[in-house]
Amino acid sequence: MEEFMNAALEEAKIGLQEGGIPIGAVLVMEKKIIGRGHNRRVQNNDPLAHAETECIRNAGRIGSYKKAIMFSTLMPCYYCAGALVQFGIDQLVVGDSTTFHGAPEFLRDHWVSIDEWNWNECSELMDAFIQKNPTLWNEDIGKL
């Protein structure tokens, strides 16, 4: 399963290379990636272009998402957590749940199983970004 978190991390790095916020996600079903996404808020001038929602959008209409697993480099915010709950994605693997607290209680209250890996590469990427871009980060998490 590490290959899927590595794919999410690749998405995060693409976002950073594009001048955006380095958060990435992949959606996996039957051991295959069916959707990829990274935070594109800056690139698209779109406050709703978060990694997880972009990932779901890129997966497209697949009918039921019940057997899908979301891999995200960062603990999802309430907006993205709501998308997981809305579409019945009940398994989440998180690369970093220390840099940003996100919405784990909301997810667990809605029967989403969370596996917090806390990979150093994910947290180091976010820590470096936040230190270099505190205003952009605070805008992203709604703290301006």
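Report follows, based on the coordinates. From a predicted model like this one, the values you see are computed outputs, not experimental measurements.

### As for helix H1 (residues 2–17)
Residues spaced three or four apart along an α-helix point in a common direction, a consequence of the helix completing one turn every 3.6 residues.
Thinking step 1. Look at H1: 22 Å from first C-alpha to last across 16 residues, which is about the 22 Å you get at 1.5 Å a residue.
Thinking step 2. Burial in H1 covers these residues: Phe4, Met5, Ala7, Ala8, Leu9, Glu11, Ala12 and Gly15.
Thinking step 3. Those residues of H1 that are buried lie in contact with strand S1 (24–29), strand S2 (32–38), helix H2 (41–44), strand S3 (68–72), strand S4 (91–94) and helix H6 (120–132).
Thinking step 4. Immediately downstream of H1, the backbone of Gly19 shows phi near 90 degrees, a positive value.

### Notes on unusual backbone geometry
Thinking step 1. Of note in this structure, Lys31 is not a glycine but carries a positive phi near 65 degrees.
Thinking step 2. Here Lys31 lies in the loop between S1 and S2.
Thinking step 3. One non-glycine residue, Asn45, adopts positive backbone phi at about 50 degrees.
Thinking step 4. Note on placement: Asn45 falls in the loop between H2 and helix H3 (51–59).

### Quick look at the packing of aromatic side chains
Thinking step 1. Per the counting criterion, the structure on display carries six aromatic pairs.
Thinking step 2. Centroid distance Phe71 to Trp117: 6.2 Å. Interplanar angle 75 degrees. Geometry classified as edge-to-face. Remark: Trp117 occurs in the loop between strand S5 (113–116) and H6 and Phe71 occurs in strand S3; sequence separation between them is 46 residues.
Thinking step 3. Taking the relative accessible area as the measure of exposure, Phe71 reaches 0% and is therefore buried.
Thinking step 4. Take Trp117: its relative accessible area is 22%, and that puts it in the partly exposed class.
Thinking step 5. Cluster of aromatic residues (ring-pair linked, three or more members): Phe4, Phe71, Trp117 and Trp119.

Thresholds applied
- Residues numbered from 1 in each chain as written.
- Predicted model: local features only at pLDDT ≥ 70, side-chain atom pairs only at ≥ 80, totals over all residues.
- Heavy atoms only, no water.
- Helix = DSSP H or I, 4+ residues; strand = E, 2+ residues; numbered from the N terminus.
- Expected span 1.5 Å × (residues − 1).
- Buried < 20%, exposed > 50% of the residue type's maximum accessible area, 1.4 Å probe, protein only.
- Contact = heavy atoms within 4.5 Å.
- Phe/Tyr/Trp six-rings, centres within 6.5 Å; stacked < 30°, edge-to-face > 60°.

Shape descriptors only; they carry no functional weight alone.
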